[in-house]
Structures are given as structure tokens and as C-alpha cells.
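# Survey of secondary and tertiary structure
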Amino acid sequence: MKQLDIMLANLIRNGRVTVDIPGIEHIEAAFRQESRRMLEAVEAVVFSEEMADGEKIARLKELLGR
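From N to C terminus, the protein chain includes three helices and zero strands. Of the regular secondary structure in the protein chain, the N- to C-terminal order runs α-α-α. Whereas a compact globule of 66 residues would reach a radius of gyration of roughly 11 Å, the protein chain reaches 20 Å, over 25% beyond that. For the protein chain, the C-alpha atoms occupy an extent of roughly 55 × 25 × 20 Å along the three principal directions.

Turning our attention to a nonpolar patch on the surface. On the surface, a nonpolar cluster with roughly 970 Å² of combined accessible area is contributed by Met1, Leu4, Met7, Leu8, Ile12, Val17, Val19, Ile21, Ile27 and Phe31. With relative accessibility at 46%, the residue Met7 sits in the partly exposed group.

Looking at the secondary structure, you find Ser48 in the loop between helix H2 (24-46) and helix H3 (53-63). Within the structure, the side chain of Ser48 is placed 3.4 Å from the backbone nitrogen of Met51, a separation counted as a polar contact.

What follows deals with the packing of H2 against H3. The interhelical angle for the contact between H2 and H3, taken along N-to-C directions, is 170 degrees, at an axis separation of 10 Å. Considered as vectors, H2 and H3 are oriented roughly antiparallel to each other. Only Lys56, Arg59, Leu60 and Leu63 of H3 make contact with H2, whose side of the interface consists of Met38, Ala41, Val42, Val45 and Val46. Grouping the constituent residues of the contact of H2 with H3 by class yields seven nonpolar, no polar and two charged.

Definitions and cut-offs
- Residues numbered from 1 in each chain as written.
- Predicted model: local features only at pLDDT ≥ 70, side-chain atom pairs only at ≥ 80, totals over all residues.
- Heavy atoms only, no water.
- Helix = DSSP H or I, 4+ residues; strand = E, 2+ residues; numbered from the N terminus.
- Rg over C-alpha atoms; globule rule 2.2 N^0.38 Å.
- Patch = residues over 30% accessible without salt bridge, like charges linked within 9 Å, V, L, I, M, F, W, Y side chains within 5 Å.
- Areas by Shrake-Rupley, 256 points an atom, 1.4 Å probe, with all protein chains shown as cover.
- Salt bridge = Lys/Arg side-chain N within 4 Å of Asp/Glu carboxyl O.
- Buried < 20%, exposed > 50% of the residue type's maximum accessible area, 1.4 Å probe, protein only.
- Polar contact = N/O pair within 3.5 Å; in protein donor to acceptor, adjacent residues only side chain to side chain.
- Axes fitted to C-alpha atoms, helices over the stretch in contact; angles between N-to-C directions.
- Parallel < 35°, antiparallel > 145°, perpendicular 65-115°, else oblique.
- Contact = heavy atoms within 4.5 Å.
- Nonpolar A, V, L, I, M, F, W, Y, C, P; charged D, E, K, R; others polar.

What is shown is where atoms sit, not what they do.
Shown next, in the form of C-alpha cells:
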């Protein structure tokens, strides 16, 4: 079964097989919304006048999971 997974992954990666996922537009919209939320949070930290540079760095690392 693992070999089949590898073969299918390679075919998809090389463009020989296409995958149609019903409802993918909802998934794409959710990712765009989450990306927009993350960028707004980063922007708020970067332009914050109440936070010191060290606090900004710590908060950005927290936001970005680092």
C-alpha cells in the first residue's frame, strides 16, 4: 500500500494525474482568511508603539510558532 501511495504522489507531482477535490474553494478561502488574520496580527505587532523591540520579537516568534 505504501508503494501505491508513493507512485500516486509522484504521478500527481509530475502532473500526470490531477486530483479534483469537491469543495476545495472552501478550503482555499479558509487558508486565505487565516493568512490575512496572521498578517494583520504581525502588522499590529510591528507598528505597535507601546511595545519595546524585544517584546515585538518575542511576540512575533510566538505568532509564527518559533
